[in-house]
Amino acid sequence: MIMAPPLASLISSESGRVLSIQSHTVQGYVGNKSAVFPLQLLGFDVDPINSVQFSNHTGYPTWKGQVLDGEQLWSLIEGLEANNLLFYTHLLTVCDPVMGDEGKLYIKPELVPLYKDKVVPLASMLTPNQFEAELLTGCSIHSEADALEACKKLHGAGPSKVVITSLDINSDLLLIGSHLENEEDAPKQFLISMPKIPAYFTGTGDLMAALLLGWSYKYPNSLETAAELAVASLQAVLERTLLDYNAAKVQPEVKQLELRLIQSQEQIKHPIVEFHAKRFY
Amino acid sequence: MIMAPPLASLISSESGRVLSIQSHTVQGYVGNKSAVFPLQLLGFDVDPINSVQFSNHTGYPTWKGQVLDGEQLWSLIEGLEANNLLFYTHLLTGYIGSLSFLETILEVVHKLRSVNPNLLYVCDPVMGDEGKLYIKPELVPLYKDKVVPLASMLTPNQFEAELLTGCSIHSEADALEACKKLHGAGPSKVVITSLDINSDLLLIGSHLENEEDAPKQFLISMPKIPAYFTGTGDLMAALLLGWSYKYPNSLETAAELAVASLQAVLERTLLDYNAAKVQPEVKQLELRLIQSQEQIKHPIVEFHAKRFY
């Protein structure tokens, strides 16, 4: 029996179709577990390729599971191709350059130049944190001005949209966004100041990248609006998580908390913006 | 850094926590792709173990990907156990491709019940449809003798109900009798999800609340939709799990809501493909699950149960 072609290739007003290549953990909300559900809530068809299948994330004392190699990944692409199923509006993957945080590298050092030289130039949007932005640009970031400059450097390397998702500057927690709409003008830059929440969470970076993808598809000409909505959702998920763990009398400071994604679906679909962007243009 | 224990084991009023062991296709909505999102919409935390990762489902002319064996499945369970992460309210299984995998599933049920003795096992005994077996014949006795006795809820289609009971089903009465036989084997809730009787499309449900009384039985008549869909059985099993958790004492209400959501998804799928001028009769359609999320969260019951009690 002939399969009908995916609607995304037939209907131009269709919501987006995302190929998301990230890790899968059976339990917990990181990687694809963190990214796919929010994008589905926002109306996207998401096709996840699970680069690993682990019992749980690697922040736990132990984990078990299987890893996909490059050949197996390519094999899945070939399968899709053979069925004319490679029409996507978005690819979500290593362009959230999950390399490290707070000065510690958590991928193999030899992969860093590969990200810098080959992957970044292909990205349409890049969502590094402060440490990753420093690694990719070779610059230290100690001030807002440094961060804005780092964004300009990254535009030069490829992506027209750059969001440094978390910056710790003068004990504020900031997000900085930069949109290079065309080569002639300066990029439109902004920051959003966010409250520091006194707890450790896993999966927030993956969630943020997915939310930025989703909202910037709905607001392609305003990275600012997209970022405000993404931050609103993220904050709601974090607050909900803290609330639920507190109610269960679990100390948030000493334990890493799993995101309460399922319980925050309303705020993912309909975020209420509290933290507004401050423009630099 | 110490990980916080999952809330499910700490808060009794928590929404359910489901371990769902099914296939994963990159593209399309079958197996876990069909079951997980609806359950998440209904408020469940779902932990999916992907028994395979294929590019697309096997109804297409070709597919590529990888298959998990029993050992690899057990390895994931061991990983969860080592971190005290085996507290689940439900286990959901669907299509299982190999004997070794099915045998390991039996071990998984026992392991999960050692952590939560009240675990509900929703088993969709995927073996075939419309008279055709699509698993290896050696799995059938294992389903019949070992798996069904462990199930809390069973969701066979007509063919599977016939295979498991050894009875042919030609009438409503036959179907109700088959349900009674299946209760005898184990599950207190049985839903025969699609029956073709006298050119009507029926769902029959049966809930054996206690050993002393007769089971409460009902049917729901559904419109036959002129198209082929893949993933509907997987979706139905997930919806039945979800709604029967919310209405544990009324399998009828759960089935009405599940049918309502399923019908809405099918209608939406047909509508969208028609709008794109794709002939539904000759092609298999991918379910428009994402686009039907409102109707999955808030189904409107049109097709009501007819009671036999």
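Further up the page is the structure itself.
Residues numbered from 1 in each chain as written. Chains lettered and ligands numbered in written order. Predicted model: local features only at pLDDT ≥ 70, side-chain atom pairs only at ≥ 80, totals over all residues. Heavy atoms only, no water.

(A) Highlighting empty space enclosed by the protein. For the structure on display, the rule yields 4 cavities of 30 Å³ or more. Taken as a whole, the largest cavity spans an internal volume of roughly 270 Å³. Contributing to the lining of the largest cavity are 16 residues, with Lys33, Val36 and Pro48 of chain A together with Val36 and Pro48 of chain B lying nearest its centre. For the lining of the largest cavity, the secondary-structure elements that each account for two or more residues are helix H1 (31–41) and strand E3 (45–54) of chain A together with helix H1 (31–41) and strand E3 (45–54) of chain B. For the lining of the largest cavity, the per-class residue count stands at 6 nonpolar, 8 polar and 2 charged. (1 Å grid on protein atoms, 1.4 Å probe; cavity = no way out; pocket = protein on both sides within 12 Å on 5 of 7 lines; lining within 4 Å. Points joined across faces, edges and corners; volume = space filled by probe spheres on them. Helix = DSSP H or I, 4+ residues; strand = E, 2+ residues; numbered from the N terminus. Nonpolar A, V, L, I, M, F, W, Y, C, P; charged D, E, K, R; others polar.)

(B) How the structure looks around the nonpolar core. Membership of the largest hydrophobic core comes to 100 residues, with the highest contact counts inside it found for Leu175 and Ile192 of chain A together with Leu92, Leu203 and Ile220 of chain B. Secondary structure elements with two or more residues in this core: H1, strand E11 (188–194), helix H6 (204–218) and helix H7 (223–247) of chain A together with H1, strand E12 (216–222), helix H7 (232–246) and helix H8 (251–275) of chain B. Ignoring sequence-local partners within four residues, the contact set of Ile220 of chain B consists of Leu201, Leu202, Leu203, Ala255, Glu256, Val259, Phe303, His304 and Ala305 of chain B. With 52 residues, the next largest nonpolar core counts Leu139, Ile169, Ala175 and Leu202 of chain B among its residues. (Core = buried A, V, L, I, M, F, W, Y, C linked by side-chain atoms within 4.5 Å. Buried < 20%, exposed > 50% of the residue type's maximum accessible area, 1.4 Å probe, protein only. Contact = heavy atoms within 4.5 Å.)

(C) Quick look at the interface of chain B and chain A. Residue-level contacts link 68 residues of chain B with 68 residues of chain A. Between chain B and chain A, the buried area comes to about 5,600 Å², and carbon and sulfur atoms account for 58% of it. Applying the counting criterion to the chain B and chain A interface returns 6 salt bridges. The partner of Lys64 of chain A in a salt bridge is Glu78 of chain B, with the nearest N and O atoms 3.1 Å apart. Joining chain B to chain A, the criterion identifies 20 residue pairs in polar contact (both at pLDDT 80 or more). Per element, the largest residue contribution to the side of chain B that touches chain A is 8 residues, and it comes from E3 of chain B. Classifying every residue of the side of chain B that touches chain A gives 33 nonpolar, 22 polar and 13 charged. (Buried area = accessible area lost by both parts, 1.4 Å probe. Salt bridge = Lys/Arg side-chain N within 4 Å of Asp/Glu carboxyl O. Polar contact = N/O pair within 3.5 Å; in protein donor to acceptor, adjacent residues only side chain to side chain.)

(D) Local environment of the side chain of Arg17 of chain A. Structurally, the position occupied by Arg17 of chain A is in strand E2 (residues 17–25). What makes Arg17 of chain A buried here is its relative accessible area of 7%. When neighbours within four sequence positions are excluded, Arg17 of chain A is seen to be in contact with Pro6, Ala8, Phe44, Asp45, Asp47, Phe87, Tyr88, Thr89 and His90 of chain A together with Gln27 of chain B.

(E) Broad picture of the packing of aromatic side chains. This model, assessed by the stated rule, comprises 5 aromatic pairs over all chains. Taking 6.0 Å as the distance between ring centres and 65 degrees as the angle between the ring planes, the aromatic pair formed by Phe37 of chain A and Phe37 of chain B counts as edge-to-face. Here Phe37 of chain A, found in helix H1, pairs with Phe37 of chain B, found in helix H1, and the two come from separate chains. Using a relative accessible area of 1% as the deciding quantity, one classes Phe37 of chain A as buried. A cation over a ring is seen here: Lys218 of chain A above Trp215 of chain A, with NZ or CZ 6.0 Å from the ring centre. Above the plane of the ring of Tyr29 of chain B lies Lys33 of chain B, whose end atom (NZ or CZ) is 5.0 Å from the centre. (Phe/Tyr/Trp six-rings, centres within 6.5 Å; stacked < 30°, edge-to-face > 60°. Lys NZ or Arg CZ within 6 Å of the ring centre and 35° of its normal.)

(F) How the structure looks around unusual backbone geometry. All names here are of chain B. For Ser199, which is not glycine, the phi dihedral falls at a positive 55 degrees. Inspection of the secondary structure assignment puts Ser199 in the loop between strand E10 (189–197) and strand E11 (200–207). Located in the positive-phi region is Lys277, a residue other than glycine, with phi close to 60 degrees. Structurally, Lys277 is set in the loop between H8 and strand E14 (283–286). With relative accessibility at 74%, the residue Lys277 sits in the exposed group.

(G) Inspection of the state of the cysteines at higher detail. Residue and element names in this part refer to chain B. Summed over all chains, the structure comprises 0 disulfides over all chains. We note that Cys179 lacks a disulfide partner, and the nearest cysteine sulfur, in Cys167, lies 11 Å from it. Cys179 gets classed as buried once you look at its relative accessible area, which sits at 0%. (Disulfide = S-S within 2.5 Å.)

(H) Structural view of the side chain of Ser292 of chain B. All names here are of chain B. Turning to its location among the elements, Ser292 is positioned in the loop between E14 and helix H9 (293–297). Note on Ser292: relative accessible area 0%, which makes it buried. Setting aside chain neighbours within four positions, we find Ser292 in contact with Ala264, Val265 and Arg268.

(I) The packing of H1 of chain B against H7 of chain B, seen in detail. Residues and elements named next belong to chain B. The contact between H1 and H7 brings their axes to 8 Å, and the two run at 30 degrees. As judged from the angle between their axes, H1 and H7 are roughly parallel. Between H1 and H7 lies a crossing of right-handed hand. Only Asp234, Leu235, Ala238, Leu239, Leu241 and Gly242 of H7 make contact with H1, whose side of the interface consists of Gly31, Ser34, Ala35, Pro38 and Leu39. Partitioning the contact of H1 with H7 into residue classes produces 7 nonpolar, 3 polar and 1 charged. (Axes fitted to C-alpha atoms, helices over the stretch in contact; angles between N-to-C directions. Parallel < 35°, antiparallel > 145°, perpendicular 65-115°, else oblique. Left-handed = near helix turned anticlockwise from the far one by under 90°.)

(J) Region of interest: the environment of Ser166 of chain A. All names here are of chain A. For Ser166, the position within the fold is in strand E9 (residues 161–169). Residues Ser166 and Ile176, spaced 10 residues apart in sequence, show a C-alpha to C-alpha distance of 7.7 Å. Contacts of Ser166, omitting those with residues within four sequence positions, involve Asn129, Gln130, Leu173 and Leu174.

(K) Local environment of the sheet that holds E3 of chain A. Residues and elements named next belong to chain A. Read from one edge of the open sheet, 4 strands run E4-E3-E2-E5, paired in mixed fashion. Strand pairing shows two members of the sheet lacking a second neighbour, strand E4 (65–67) and strand E5 (90–92), which therefore form its edges. Here the average twist between neighbouring strands, direction ignored, is 35 degrees. Alignment of E3 against E4, held across 3 bridges, turns out to be antiparallel. Residue pairing in the sheet places Gln53 in a bridge with Gln66 of E4. The sheet strands contacting H1 are E2, E3 and E5, and the helix crosses E2 at an angle near 145 degrees. (Pairing = 2+ DSSP bridges.)

(L) Structural view of the sheet that holds E12 of chain B. Taken together, the 10 strands give an open sheet; going across it, the order is E4-E3-E2-E5-E6-E9-E10-E11-E12-E15 (chain B), and neighbouring strands pair in mixed fashion. Strands with a single pairing partner mark the edges of an open sheet, and in this sheet they are strand E4 (65–67) and strand E15 (306–307) of chain B. By the bridge criterion, 8 bridges tie strand E2 (residues 17–25) of chain B to E3 of chain B in an arrangement that is parallel. For His24 of chain B, the partnering residue across the bridge sits in E3 of chain B and is Gln53 of chain B. Across the sheet, helix H2 (residues 70–82) of chain A lies against E3 and E4 of chain B, angled at about 115 degrees from E4 of chain B, the strand it touches most. Of the strands in this sheet, E2, strand E5 (90–93), strand E6 (120–123), strand E9 (153–154), E10 and E11 of chain B are in contact with H7 of chain B, which crosses E5 of chain B at around 165 degrees.

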